[in-house]
Amino acid sequence: MRFLRRRSRKRACVVGLDGVPFGLLKTLAQRSVMPRTAAIIGEGGLKQMRASLPPVSSVSWSSFMTGANPAEHGIFGFTDVSSDTYQLRFPTFADLAVPTFWDRLGESGRRCAVINQPSTYPARSLPGALVSGFVALSLGKSVWPKEHLPALERMGYQIDVNTQKAREDLDGLLDDLDSTLETRRQAAAYFWERENWDYFQVVVTGTDRLHHFLWNAVEREDDPRHERVMGYYTAVDTFIGEMWDRFHKGGSADKEGEGFVLLSDHGFAGMRKDVRLNAWLRENGYLDYKAEEPTSVAEITPGTRAFVLDPGRVYLNVKGRFAKGCVEPEEAPALREELAGRMREMSFEGEKIISHVFTREEAFRGPKSALAPDLVLISRNGFDLKGTTKGKEVFASTHFQGMHTWGDAFVWSRLPVPDDPEIANLAGVIMEYLSG
Amino acid sequence: MREFRKRSLVKAICWRALATFSTMAIVYIFTGKAALSLGVGAVEVFVKMFLYYGHERIWNLIAWGKLKHPLAHLDVNRELEPEHMEELRKRLEELGYL
């Protein structure tokens with residue numbers, strides 16, 4: 001009976017490519033660097049997609065896995081600030097305030113296998129199996145249920161590349177990316193066979209790491225590492241092809257491609273300058289520190305009117321909201337408008353930096369809106385917005401070559417994804433398909 | 001899982017229609033009186049619908065015997081251990097997120 005019931009159910013398989021922009025995917029497909037992907041997307045269905053606000057993996061993937069706005073799921077960035085002490089804290093999977101759609105599928109008896117999903121650390125129980133992705137600190141706490149841990153250890157499963165080493169050794173990073181992808185491939189094969197799943201998901205995060213450190217080699221054909229980087233993309237393409245074949249071989253789709261989804265959580269672009277927004281606020285008299293070389297926003301003076309958390313989250317230091325708040329609540333709207341106007345005009349060598357300014361009300365809707373930033377800034381390509389408190393200069397150069405972008409993530413699916421989609425739309429589409 | 005009031009209300013109406021028709025049929029079978037059967041049905045349909053709705057809402061408040069939500073056991077806003085905080089900070093810094 002169970003066998004008969006199993007066969008009648010629909011299945012879905014999602015392959016996530018962290019930080020792969022819509023335009024790049026199309027280009028790599030057209031240039032035959034990714035021939036399997038080209039064949040999949042060739043017949044249509046590829047759409048440009050908006051990432052979350054702000055466009056960082058923790059927020060975007062949390063929106064994907066819950067189908068919710070940040071003001072509902074409660075994840076606004078890799079960092080949060082305490083309203084009492086202004087100390088930074090790092091939200092984890094335990095902070096997610098709403099169930100994932102995997103939990104919801106579990107309520108109707110469906111099982112999920114989810115591998116390398118960012119922002120699911122530490123792993124917790126879910127109906128099926130989970131291997132947490134970035135920012136997972138140890139494999140032992142990244143695997144649910146624990147019975148899968150020995151198998152992952154035996155295959156030498158790597159959660160991520162060594163980003164500390166990557167800075168000094170870019171060729172070593174490429175080796176690391178290859179070996180990490182290989183263990184991801186092995187883990188996918190393992191869970192595909194071992195788990196009795198209705199929903200399968202695997203995320204490749206190496207693409208994001210590659211873009212942070214080696215975006216120039218992705219874009220420029222004359223870069224000495226260009227061929228090697230294209231080789232990595234071909235390996236990712238082979239992996240996508242394997243997943244596609246496996247999905248169809250198992251009779252998971254009634255029609256070809258139905259239930260198979262490719263997506264990215266945000267886009268990427270080349271980077272010219274870091275834009276340190278706290279330095280700009282300080283330079284313009286909105287913020288000051290007690291220390292000469294502050295290490296965090298915990299060291300702001302009581303007279304500080306606004307501060308920024310990564311990547312472009314502006315918080316007004318309003319009385320009642322923050323312990324050292326100095327802005328009267330009735331003055332906050334005018335201050336917010338003033339800041340939005342001035343930040344919109346920020347420029348570097350005559351070039352505007354900011355492309356969009358969203359107010360809290362525009363970007364967030366949900367019971368946790370009160371915790372949301374007052375403004376979210378999105379920059380033009382090339383200018384990476386930062387919430388660091390280091391440095392007095394607004395503009396800085398770093399060893400990073402790429403930066404996240406908001407409007408050019410992608411999704412490919414034969415399911416009815418809305419036109420002009422945003423990442424939070426996909427959970428509903430997938431759930432509706434599996435429940436149909 | 002909790003139920004919304006609307007669901008309890010719709011369930012009450014559905015159940016009442018089914019139960020009242022069966023009660024009317026039974027009364028008619030036992031007494032052979034159509035008017036009595038209709039009268040019992042007319043009174044019962046309203047009285048028991050309210051009772052059923054109240055009964056559902058009270059049971060909805062009782063957790064015993066319900067499937068717990070998978071997130072129910074989670075300690076939301078749990079703080080990380082200090083050494084993990086430091087490691088996390090380092091990882092985020094390595095990717096330029098801090």
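What you see is a predicted model; the values in this text were computed from it and never measured. (Residues numbered from 1 in each chain as written. Chains lettered and ligands numbered in written order. Predicted model: local features only at pLDDT ≥ 70, side-chain atom pairs only at ≥ 80, totals over all residues. Heavy atoms only, no water.)

Trainee: How would you summarise the sheet that holds strand S13 (residues 313-316) of chain A if you had to cite specific residues and measurements?
Mentor: All names here are of chain A. The four strands are arranged S12-S13-S17-S16 in an open sheet whose pairing can be described as antiparallel. In this open sheet, the two edge strands, each paired with only one partner strand, are strand S12 (306-309) and strand S16 (354-359). Neighbour-to-neighbour, the strand axes of this sheet turn through a mean angle of 25°, independent of strand direction. In the sheet, S12 pairs with S13 via four bridges, with the strands oriented antiparallel. In the strand pairing of S13, Val-308 is matched with Val-314. Packing of helix H13 (residues 332-344) onto the sheet brings it into contact with S12, S13, S16 and strand S17 (375-379), and relative to S13 it is tilted by some 150°. (Pairing = 2+ DSSP bridges. Helix = DSSP H or I, 4+ residues; strand = E, 2+ residues; numbered from the N terminus. Axes fitted to C-alpha atoms, helices over the stretch in contact; angles between N-to-C directions. Contact = heavy atoms within 4.5 Å.)

Trainee: Break down the pairing of S12 of chain A for me, citing the residues and quoting the values.
Mentor: With burial as the criterion, each face of S12 of chain A is covered, one bearing Ala-306 and Val-308 of chain A and the other bearing Phe-307 and Leu-309 of chain A. Where S12 of chain A folds back onto S13 of chain A in an antiparallel hairpin, the turn is made up of three residues. (Buried < 20%, exposed > 50% of the residue type's maximum accessible area, 1.4 Å probe, protein only.)

Trainee: With reference to specific residues and values, describe unusual backbone geometry.
Mentor: Residue and element names in this part refer to chain A. Cis geometry is found at the peptide bond from Tyr-121 to Pro-122, where omega equals -5°. Tracing the backbone through its elements, the reader meets Pro-122 in the loop between strand S5 (112-117) and strand S6 (128-132). Put simply, Asp-310 and Pro-311 share a cis peptide bond, and its omega is -10°. With respect to the helices and strands, the residue Pro-311 is situated in the loop between S12 and S13. Phi at Ser-119 is positive, roughly 65°, even though this residue is not glycine. With respect to the element layout, Ser-119 can be found in the loop between S5 and S6. For Ser-119, a relative accessible area of 17% translates into the label buried. Despite not being glycine, Asp-420 has its phi angle at roughly 50°, a positive value. Secondary-structure assignment places Asp-420 in the loop between strand S21 (409-413) and helix H15 (426-435).

Trainee: Which residues make up the domain arrangement of chain A, and what values do they have?
Mentor: Residues and elements named next belong to chain A. Domain annotation of chain A identifies domain 1 (2-269 + 405-435) and domain 2 (273-399). Distance from the C-alpha centre of domain 1 to the C-alpha centre of domain 2: 30 Å. At the interface, 29 residues of domain 1 touch 30 residues of domain 2. Between domain 1 and domain 2, the buried area comes to about 2300 Å², and carbon and sulfur atoms account for 71% of it. The largest contributions to the domain 1 side of the interface with domain 2 come from Leu-53, Phe-76 and Tyr-86, which together make up 32% of the buried area. If you list the elements that add at least two residues to the side of domain 1 that touches domain 2, you get helix H5 (70-73) and strand S3 (80-81). At three residues, H5 tops the list of elements feeding residues into the side of domain 1 that touches domain 2. (Domains from an automatic or database assignment. Buried area = accessible area lost by both parts, 1.4 Å probe.)

Trainee: Any details on the nonpolar core? Residues and values, ideally.
Mentor: Of all hydrophobic cores here, the largest spans 81 residues; its most connected members are Phe-200 and Met-243 of chain A. Core analysis: the second largest hydrophobic core is formed by 39 residues, Ile-300, Leu-339, Ile-353 and Ile-354 of chain A among them. (Core = buried A, V, L, I, M, F, W, Y, C linked by side-chain atoms within 4.5 Å.)

Trainee: Outline the pattern of salt bridges, supporting the account with residue identities and numerical values.
Mentor: Taken as a whole and judged by the stated rule, the model has 31 salt bridges over all chains. Here Arg-185 of chain A and Glu-182 of chain A are joined by a salt bridge, their closest N and O atoms 3.0 Å apart. With Arg-185 of chain A and Glu-182 of chain A both in helix H9 (residues 170-194), this residue pair falls three residues apart, about one helical turn. With a relative accessible area of 31%, Glu-182 of chain A lands in the partly exposed category. A salt bridge links Glu-87 of chain B to Arg-91 of chain B; the shortest N-O distance between them is 3.8 Å. Of this pair, Glu-87 of chain B and Arg-91 of chain B both sit in helix H3 (residues 82-94), four residues apart, which is roughly one turn of that helix. The exposure class assigned to Glu-87 of chain B is partly exposed, which follows from its relative accessible area of 29%. The class for Arg-91 of chain B is partly exposed, based on a relative accessible area of 25%. Via salt bridges that share partners, Arg-50, Asp-420 and Glu-422 of chain A belong to a single interconnected network. (Salt bridge = Lys/Arg side-chain N within 4 Å of Asp/Glu carboxyl O.)

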